[in-house]
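The lines below spell out each chain.
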Amino acid sequence: MELRFTQEQEETRRRSRQFAITEISPIVPWMERHEAFPGDLLRKMGPLGLLGLPIPKQWGGQGLDFIAYTAALNEISKVSAAVGVILSVHTSVGTLPILRYGNDEQRERYVRRLATGEALGAFALTEHGAGSDAASIRTTAVREDGHYVLNGTKLFITNAGAADVYVTFAVTDATRGPGGITAFIVDKESEGFQIGKSEKKMGLHGSNTCELHFDNVKIPVSQRIGGEGEGFSIAMGSLDGGRIGIGAQALGIAQAALELMLGHFPVKRSSAGKRPRKFAPEHAEIARLAAKTEAARLLVYRAAGLRQEGKPCTREASMAKMVASDTAVEAAGAAVRLLGMAGCLEQSPAERLFRDAKVTQIYEGTNEIHRIVISNQLLR
Ligand code: CAA
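The structure reproduced in this document is the subject of the present report. This structure is a prediction, so every number in the text was calculated from the model and none was measured. Positions within a chain are numbered from 1, following the residues in the order the chain's sequence is written. Where local features are concerned, this predicted model is filtered to residues with pLDDT of at least 70; where side-chain atom pairs are given and counted, the filter is 80 or more; whole-chain, interface and lining totals use all residues. Hydrogens and water are ignored here; the side-chain numbers use all heavy atoms of the structure.

Our focus in this paragraph is the nonpolar core. Counting residues in each nonpolar core, the largest one holds 94 residues, and the members touching the most others are Ile24, Met45, Ile98, Phe123, Leu125, Phe169 and Met261. The way it works is that DSSP assigns letters per residue, a run of H or I at least four long becomes a helix, a run of E at least two long becomes a strand, and they are numbered from the N terminus. When residues in this core are grouped by element, the largest group, 15 residues, is from helix H8 (residues 231–264). Whether two residues are in contact is decided by their heavy atoms, any of which lying within 4.5 Å being enough. What Met45 contacts, discounting residues up to four positions off in sequence, is Phe19, Leu50, Leu51, Ile76, Val83 and Leu87. As used here, the term nonpolar core means buried Ala, Val, Leu, Ile, Met, Phe, Trp, Tyr and Cys residues forming a set that is joined through side-chain atoms within 4.5 Å. Exposed residues in this analysis have more than 50% of their type's maximum accessible area, buried residues have under 20%, and partly exposed residues fall in between, with area computed by a 1.4 Å probe over protein chains only. Formed by 18 residues, the second largest nonpolar core is a distinct cluster that contains Tyr148, Tyr166, Leu212 and Ile219.

Along the chain, Arg13 falls in helix H1 (residues 7–24). By the criterion applied in these results, polar contacts are pairs of N or O atoms within 3.5 Å in which, for protein atoms, one can donate a hydrogen and the other can accept it, and in which residues neighboring in sequence qualify only through two side-chain atoms. In this structure the side chain of Arg13 is engaged in a polar contact, spanning 2.6 Å, whose partner is the side chain of Glu75.

Attention now goes to helix H5 (residues 81–93). By this rule the span expected of a helix is its residue count minus one, scaled by 1.5 Å. The end-to-end C-alpha separation of H5 is 17 Å, in line with the 18 Å expected for 13 residues at 1.5 Å each. Within H5, 13 of the 13 residues are buried, which leaves it mostly tucked inside the rest of the structure.

On to the site of the ligand. Taken together, 21 residues lie near the ligand, and Ser132, Thr158, Arg243, Glu364 and Gly365 sit nearest. Ser132 has a polar backbone atom sitting 2.7 Å from a nitrogen atom of the ligand. One of the side-chain nitrogen or oxygen atoms of Arg243 is found 2.7 Å away from an oxygen atom of the ligand. Residue-level accessible areas treat just the shown protein chains as cover; the underlying method is Shrake-Rupley with a 1.4 Å probe. Out of a free accessible area of 1100 Å², the ligand has 64% covered by protein chains. Per-element accounting of the shell around the ligand gives the leading share, seven residues, to H8. Side-chain classes follow a simple rule in which Ala, Val, Leu, Ile, Met, Phe, Trp, Tyr, Cys and Pro form the nonpolar group, Asp, Glu, Lys and Arg form the charged group, and the remainder, Gly included, forms the polar group. Classifying every residue of the shell around the ligand by side-chain character gives 10 nonpolar, eight polar and three charged. The cutoff for a nearby residue is simple: one of its non-hydrogen atoms must lie within 4 Å of the molecule or strand.

It is worth spelling out the environment of Ile86 at this point. Within the secondary structure, Ile86 sits in helix H5. Through-space distance from the C-alpha of Ile86 to that of Thr158 is 7.3 Å; in sequence the pair is 72 residues apart. The residues touching Ile86, leaving out its near neighbours within four places in the chain, are Phe37, Pro38, Leu42, Asn159, Gly206 and Ser207.

Basic side-chain nitrogens of Lys or Arg form a salt bridge, by our definition, when they fall within 4 Å of a carboxyl oxygen of Asp or Glu. One pass over the structure, following the stated rule, counts 25 salt bridges. Among the salt bridges present, the one from Arg288 reaches Glu285, with a minimum N-O distance of 3.1 Å. Of this pair, Arg288 and Glu285 both sit in helix H9 (residues 281–308), separated by three residues, roughly a single helical turn. Overlapping salt bridges bring together Glu10, Arg13, Arg17, Glu75 and Lys78 as one network.

The rule is short: rings of Phe, Tyr and Trp, with Trp giving its six-membered ring, pair when the centres are within 6.5 Å, and they are stacked under 30 degrees, edge-to-face over 60, tilted in between. Scanning all chains against the criterion turns up six aromatic pairs. Ring geometry for Tyr148 versus Phe184: centroids 4.8 Å apart, planes at 65°, classification edge-to-face. Of this pair, Tyr148 sits in strand E3 (residues 147–158) while Phe184 sits in strand E5 (residues 181–187), and the two are 36 residues apart along the sequence. On the accessibility criterion, Phe184 (0% relative accessible area) is buried. An aromatic cluster is built from Tyr166, Phe193 and Phe214, whose rings are joined through pairwise contacts.

With that settled, consider the packing of H8 against helix H12 (residues 349–358). For any two helices packed against each other, one specifies the inter-axial angle together with the distance between the axes. Fitting a line to C-alpha atoms yields each axis, with helices limited to the stretch in contact; the angle taken between N-to-C directions then spans 0 to 180 degrees. Between H8 and H12, whose axes approach to 10 Å, the crossing angle comes to 155°. Between H8 and H12, the crossing angle belongs to the class labelled roughly antiparallel. The handedness of the crossing between H8 and H12 is left-handed. Packed against H8, whose contacting residues are Ile253, Ala256, Ala257 and Leu260, the element H12 presents Pro349, Ala350, Leu353, Asp356 and Ala357 at the interface. Its residues assigned to classes, the contact of H8 with H12 shows eight nonpolar, no polar and one charged. Comment on the angle field: the value is read as roughly parallel under 35 degrees, roughly antiparallel over 145, roughly perpendicular from 65 to 115, and oblique elsewhere. Crossing handedness: left-handed means the near helix sits turned counterclockwise from the far one by under a right angle, and right-handed means the same turn made clockwise.

What follows deals with unusual backbone geometry. Phi at Glu35 is positive, roughly 45°, even though this residue is not glycine. Mapped onto the secondary structure, Glu35 falls in the loop between helix H2 (28–34) and helix H3 (39–45). For Asn216, which is not glycine, the phi dihedral falls at a positive 50°. Topologically, Asn216 is positioned in strand E7 (residues 209–220).

Bringing the pairing of E3 into the picture now. The pairing of strand E2 (residues 140–144) with E3 spans five bridges and is antiparallel. Each residue of the ladder has a partner; that of Ala141, found in E3, is Leu150. The hairpin formed by E2 and E3 contains two residues between the paired strands, and Asp145 there has a positive phi angle of roughly 50°. Any two strands with at least two DSSP bridges between them are considered paired. Sheet topology note: the E3/E7 ladder contains nine bridges and is antiparallel. By the bridge assignment for E7, Val149 is matched with Lys218.

Quick look at the structure:
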């Protein structure tokens with residue numbers, strides 16, 4: 001089966017690639033050197049519609065499908081995996097949960113601003129001791145009159161500090177396990193809400209990762225997403241889509257690494273200068289990684305297709321994220337190795353890809369967690 005884009009998907013892919021080359025590529029060295037969030041870039045992305053690709057036009061988005069959005073993420077991540085994750089978190093888990101599980105009032109108030117780039121989104125689930133075991137979060141939300149009072153600390157939150165809107169998960173009934181978790185929309189201006197320590201990371205320089213502190217933060221009942229106790233399902237359902245985005249990001253890293261290797265090892269003439277050197281060991285390694293990258297590409301777009309059709313895609317999203325991230329790490333490692341010292345130099349593209357790839361095996365569920373998700377799906 002050939003993976004063929006519709007005209008609209010292809011046009012989105014092409015425009016995103018063009019944007020990545022002309023607008024993102026020149027600022028990558030600056031982001032790397034200063035580990036600085038690319039605020040000016042995002043202010044350009046909003047008016048171009050890049051921050052609301054899969055959001056219906058009715059709510060300020062571009063009304064494109066999930067495959068087109070995945071293709072855009074993939075192209076942007078080839079040039080900058082940091083911008084890729086900013087976009088993925090903003091859209092997949094910062095905006096889409098409000099669109100999918102929220103009500104019209106919330107869509108009008110939040111989705112519209114997020115889709116147009118007036119606001120940036122984030123997703124606050126992870127806590128100390130509750131990364132992989134997301135159901136054991138301890139941030140509490142206690143209902144009082146017309147609002148909830150949130151207390152607790154979140155950890156490793158992508159886009160934190162830059163984001164205006166935080167899709168946040170807290171426990172409303174500690175006796176009910178996952179069924180006692182509820183989702184809320186938290187505005188950055190909420191009293192008692194504070195951005196905590198900003199983490200320095202080995203890769204993805206330019207993407208923010210911070211703690212969040214909730215100290216008696218009052219959130220109106222009207223900012224609860226769905227009903228009490230529905231939060232864990234909302235988080236997991238949103239992560240199904242988010243993991244496809246991370247798969248597309250990791251795929252972009254693998255593809256960029258392959259391009260680097262191909263650029264470095266064209267089919268060379270033998271030293272005698274007569275015949276092409278056909279069986280260089282580097283070519284065999286590149287061929288092996290090209291096959292893996294192609295497999296990852298098919299998995300990522302298959303999962304995106306299922307998501308687009310509204311079909312269950314938990315297993316396929318996990319497979320796509322797991323295979324694409326493992327391939328990204330392998331391909332980026334091979335790029336550093338095959339390019340030799342040139343690949344080891346600070347701020348060489350291979351070195352950046354190598355540092356950026358690792359976290360794709362870890363966030364939005366470690367690959368160990370994805371093996372559990374896939375086996376649970378297969379065995380049920
Ligand atoms: N869609 C909708 N609902 C789902 C679901 C899904 N994919 N998966 C589970 N649920 C719901 C179900 O209603 C289920 O109840 P039933 O028993 O009635 O089916 C309920 O949730 C509980 O499900 P589980 O028993 O499977 O839950 P669990 O406690 O065993 O946890 C887990 C499962 C898969 C390990 C989960 O904890 C998990 O995904 N962990 C990883 C967390 C993660 O990915 N964090 C990412 C943070 S965000 C991030 O990383 C962003 C970034 O920076 C890039």
